[in-house]
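Inside the fold
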Amino acid sequence: MRTKSLILLTLLSCFLLSCNSSKPTSAPISITWEMGKNGIKPGCYDHTFYITNNGKTELNGNWIIYYNQMPMTPMNTDSAQLTLEHISSTYFKLYPSQNYKPIAAGETLAFHIISRGSIIKESNTPSGTYIVLTDENGKEQQPQNIEIKIVPFTNSAQWGRPNVRELPYPDGNYVYEQNSFFNHQFDMDETYIFPSIKSIEKTGEKSVFAKTVKIDAEADFANEADLLKEKLVSLFGCTVAEDGETTVKLKKIQNDKSEYYEIKINNNTVEISGADAHGVFNGCQTLINILGNHDNLPAEIANMQISDYPDLYHRGIMLDVSRNFSVKNNVLKLIDILSSYKMNVLHLHLSDDEAWRIEIPGLEELTQIGSRRGHTLDESECLYPAFDWGWDASDTNTLANGYYTRNDFIEILKYAKQRHVNILPEIDLPGHARAAIKAMNVRYNKYIKTDKAKAEEYLLTDFDDTSKYLSAQSFTDNVINVAMPSSYKFIEKVIDEIHKMYADAGLELKIFHLGGDEVPNGAWEGSKISLDFMQQHGMSAIRDLKDYFLSQTLDMLDKKHIQLAGYQEVALLRDGTYNERFANRNVLSYCWNNVPEWKGDDIPYKLANAGYPIILCNVTNLYLDMSYSKHQNEPGLHWGGFVNEFNTFDVLPYDIYKSVRRDFSGNPIDIEHATKTKVALAQNARNQIKGMQGQFYAETARSFEMIEYQLFPKMFGLIDRAWNTQPAWSQTKGEQAYETEKQLYNAKISINELPRLLKMKANFRIAQPGIKLVDGLLIANSYIPNAEIRYTTDGSEPSQQSELWTAPVACNAKQVKAKAFYLGKQSVTTLLENE
């Protein structure tokens, strides 16, 4: 047996070394994973790995399969042939147990196991699989990526969870009912853009906007003139010249409102006036978007006068580049899209447990170690794999690896500055800090034998700490030790280096986001350094350490005239009451919990009333990484519910309880009652709401196109509401005004904005069609007016070659599948079972 094992090891090792690539290739082993059912036991699901030996000799027990999936707890049994072990967060390994029997050539081992947790999405299943062989001494050899095949989810036991309150599955009947709401036809107007314009007065006459344009700009607006020219040329094929048939003037106007602008169109001339350069820029975006609602130029546009301005200064999104990386050019592309819709903040989540993404001169280990994920047993050269991507830490074609050099980040800052977008940096501390901790451990080991002071200078952890905790993402080692002076030297070093980057970009670093969220219970309790520190400083509770950390960092930032920002946890005590200690320190609090079932939906107003400036980033409305629906093929998370473009439309910053109209099960909420019975926003606290922000955490992102899919069209509700906080329908009794405006909102997206996104080469989602059988006839609908609906009745997946539905058609099939097709995109499949 030992001889056979060595022969197989030699053959496979030669094969793997000859295929030293991070890309999946053919291998003697193949893997398939199949979901069983949720609720197989309370709070558990069952699943099966199929390991097939594709080689010519039997497969002995000298292998380990590593992979990633969303955290769960495997329940191994003593008699099983394999053991499934949780290494860290999303990282697992599967290997032969003492009961293992070699798999004969051509045979398959089915490993069935129950795990605590649940899975309802195919995007949350195992991925990033690779195999490592071991020699006779157990030493690991060269890894090799192996593709894992996921058996498609096909039944309700896989996408449903017993005793969990959540929306119904979007089958044909359910979706048809939802789509039926959007059956109103509108006469589209050229001024139907996002965000909606506050005031428009039309004269009834027309001007022609030609393809030759003269831009006449005051000196202060040269940058805005250049950007306008760029858009006119790239989007419309215009020629910008002194003898242009249409003239666009950029002028300054006196107005106290920040970003205020006016547009006057008359006699083939467009005059854009702004209170400042940002206002002029906003006016230019309005002009570009109005022109974009015409098929071609030249075009007749109405003579009109527009006056417009934003209600909130902070209108942004957070992009998590830590979990899965977005390269510089994609960030620049996103900045361009955001600015075209007058969004003015891009919050970059630059660090987390899974990676560190910005170069800090003098702390090279942060990117040498913290920006790379791959196969490692001790994390001395890279971090563990996470989410996907396999074993190769040198593969820069994946979203696992990469960072912004100092020059990259300065370029991003300058590009954003030109387009009036503020880049807000976030370094998440004291929790969510595993990447930084591991990187500084490597630095410590590098210098400890030669320079003890240098080794300990930026150390973030107490090596003798015996604390036991589990973070929200299932890490046990992701909290820095806030009782160590070296932690504060690290923080100041990072802040100073980022501060210098802003200065070199010609900018002032005004806000530094510290995260501050999800510090798990149990952190610091086993650290003698921490316990001694508490005694020396008269602290009675572990929580006092976090307050000390925030206080020290706040003082540090105050000296540099930088505002501290963090998630709502920085302003809250564990009992949900606000922390009086920081109420008057101008700590910008990002409020995310507005879930009625969690009894935390009053937190934003509690904090605002207590004097905290806040940013609204409601999870039920504005967490853009939440899946669009319960459909198994819609990517994304769902811990905070499901979020689509209509949830973002519903946000009302000054009447937040009306922002959630249905509970987790889809049942209507009495929003009038909620408003009357919960904490009200004090009149003098209204100005504490500084803005709104969409959040995109990148755990389930596998490409930038996938990020865009999650952002659009969800973002349009955010874009509009951050500019117009109190839409007319919100001031009208009854539901008719709300429903009409929601229908128009959908028409604007479908008819105007999706084609505009296509021109900008941005990806977007197409919603699935509804299908149902009525008296033996198949009927279908889509809330995208111009979408094609194609269907099959033989169980196959619909394609653009499938039957086109145009009118009710006789159907007696037991199963119908349909997809919507529009602008070269397609929806997920809608399923209809005919019992």
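In every chain, residue numbers begin from 1 and rise along the written sequence. For this predicted model, a pLDDT threshold of at least 70 governs which residues receive local features, and a threshold of 80 or more governs which side-chain atom pairs are given and counted, while totals over whole chains, interfaces and linings are taken from all residues. Side-chain figures throughout are based on the complete set of non-hydrogen atoms in the structure, without hydrogens or water.

Another aspect to go through is helix H20 (residues 736-759). The end-to-end C-alpha distance of H20 is 34 Å, a good match for the 34 Å that 24 residues give at a rise of 1.5 Å each. Approximately 40 degrees is the largest bend angle found in H20, and it occurs at Glu753, with the proline Pro755 only one to four residues beyond. Secondary structure follows DSSP: runs of H or I at least 4 residues long count as helices, runs of E at least 2 residues long count as strands, and numbering of each begins at the N terminus. Note on H20: the residue one or two positions beyond its end, Lys761, has a positive phi of about 60 degrees. A helix is expected to span 1.5 Å multiplied by its residue count minus one. The bend at a residue is defined as the angle formed between two axes, one fitted to the seven residues ending at that residue and one fitted to the seven starting there.

Summarising the element assignment, Asp625 is placed in the loop between helix H15 (619-622) and helix H16 (645-649). Buried and unpaired, Asp625 has no salt bridge, with Lys714 as the nearest side chain of opposite charge at 7.1 Å. Contact partners of Asp625, with chain neighbours within four places excluded, come to Gly636, Leu637, Gln695, Phe696, Tyr697 and Gln710. Between buried and exposed lies partly exposed: a residue is buried under 20% and exposed over 50% of the maximum accessible area for its type, with that area taken using a 1.4 Å probe on protein chains only. Positive charges come from Lys and Arg alone, negative charges from Asp and Glu alone, with His and the N- and C-terminal ends not counted. The salt bridge definition used is simple: a Lys or Arg side-chain nitrogen within 4 Å of an Asp or Glu carboxyl oxygen. Contact criterion: two residues are considered in contact whenever any of their non-hydrogen atoms come within 4.5 Å of each other.

Considering the arrangement of structural elements, one finds Tyr783 in the loop between strand S27 (777-781) and strand S28 (788-792). For the pair Tyr783 and Ala767, spaced 16 residues apart in sequence, the C-alpha separation works out to 7.7 Å. Beyond its immediate stretch of four places on either side in the chain, Tyr783 contacts Asn179, Phe182, Glu645, Phe646, Asn746, Ser750, Arg765 and Ala767. Among the polar contacts made by the side chain of Tyr783, one reaches the side chain of Glu645 at a distance of 2.9 Å. Two N or O atoms count as a polar contact when they lie within 3.5 Å, although within protein this holds only if one can serve as hydrogen donor and the other as acceptor, and sequence-adjacent residues are included solely when both atoms are side-chain atoms.

Moving on, we get to helix H19 (residues 715-723). Extensive coverage of H19 is indicated by the burial of nine of its nine residues. For H19, every residue scored as buried is listed here: Met715, Phe716, Gly717, Leu718, Ile719, Asp720, Arg721, Ala722 and Trp723.

The pLDDT score gives, residue by residue, the confidence of the prediction method on a 0 to 100 scale. On average, residues of the protein chain carry a pLDDT of 94, and 97% of them reach 70 or more. Below a pLDDT of 50 lies the segment residues 1-25, which in the model reaches 47 contacts outside its immediate sequence neighbourhood of four places, other chains included.

Here we take up the sheet that holds strand S30 (residues 809-810). Hydrogen bonding along the main chain pairs the strands of a sheet, whether they run parallel or antiparallel. Pairing between strands is defined by DSSP: at least two bridges between the two strands are required. A sheet is described by the order of its strands in space; here three strands give the open sequence S26-S27-S30, paired in antiparallel fashion. Among the strands making up the open sheet, the edge pair consists of strand S26 (770-774) and S30. Sheet topology note: the S27/S30 ladder contains two bridges and is antiparallel. Looking at S30, one finds that Leu778 is bridged to Val809. The sheet strands contacting helix H3 (residues 172-179) are S26 and S27, and the helix crosses S26 at an angle near 105 degrees. Axes here mean lines fitted to C-alpha atoms, for a helix over just the part in contact, with angles spanning 0 to 180 degrees between N-to-C directions.

Residues Phe194 and Pro195 are joined by a peptide bond in cis, for which omega reads -10 degrees. Residue position: Pro195 is located in the loop between H3 and strand S11 (199-209). Cis geometry marks the peptide bond from Leu429 to Pro430; its omega dihedral reads 0 degrees. Position of Pro430 among the secondary structure elements: in the loop between strand S20 (422-429) and helix H9 (434-447). One non-glycine residue with positive phi stands out, namely Glu259, at about 70 degrees. Although it is not a glycine, Asp775 adopts a positive phi angle of roughly 55 degrees.

Running from N to C, helix H6 (residues 328-340) and helix H18 (residues 704-711) point in directions that differ by 20 degrees, and their axes come no closer than 11 Å. Taken together, the axes of H6 and H18 are roughly parallel relative to one another. The crossing of H6 and H18 is right-handed. Here H6 contributes Asn330, Lys333, Leu334 and Ile337 to the contact with H18, which in turn contributes Phe704, Glu708 and Leu711. Under the grouping applied here, Gly and all other residues not named as nonpolar or charged are polar, the nonpolar ones being Ala, Val, Leu, Ile, Met, Phe, Trp, Tyr, Cys and Pro and the charged ones Asp, Glu, Lys and Arg. Here the residues of the contact of H6 with H18 sort into four nonpolar, one polar and two charged. Any angle that is under 35 degrees is reported as roughly parallel, and any over 145 degrees as roughly antiparallel; angles of 65 to 115 degrees are reported as roughly perpendicular and all others as oblique. Handedness of a helix crossing follows the sense of rotation of the near helix relative to the far helix, less than a right angle counterclockwise being left-handed and clockwise being right-handed.

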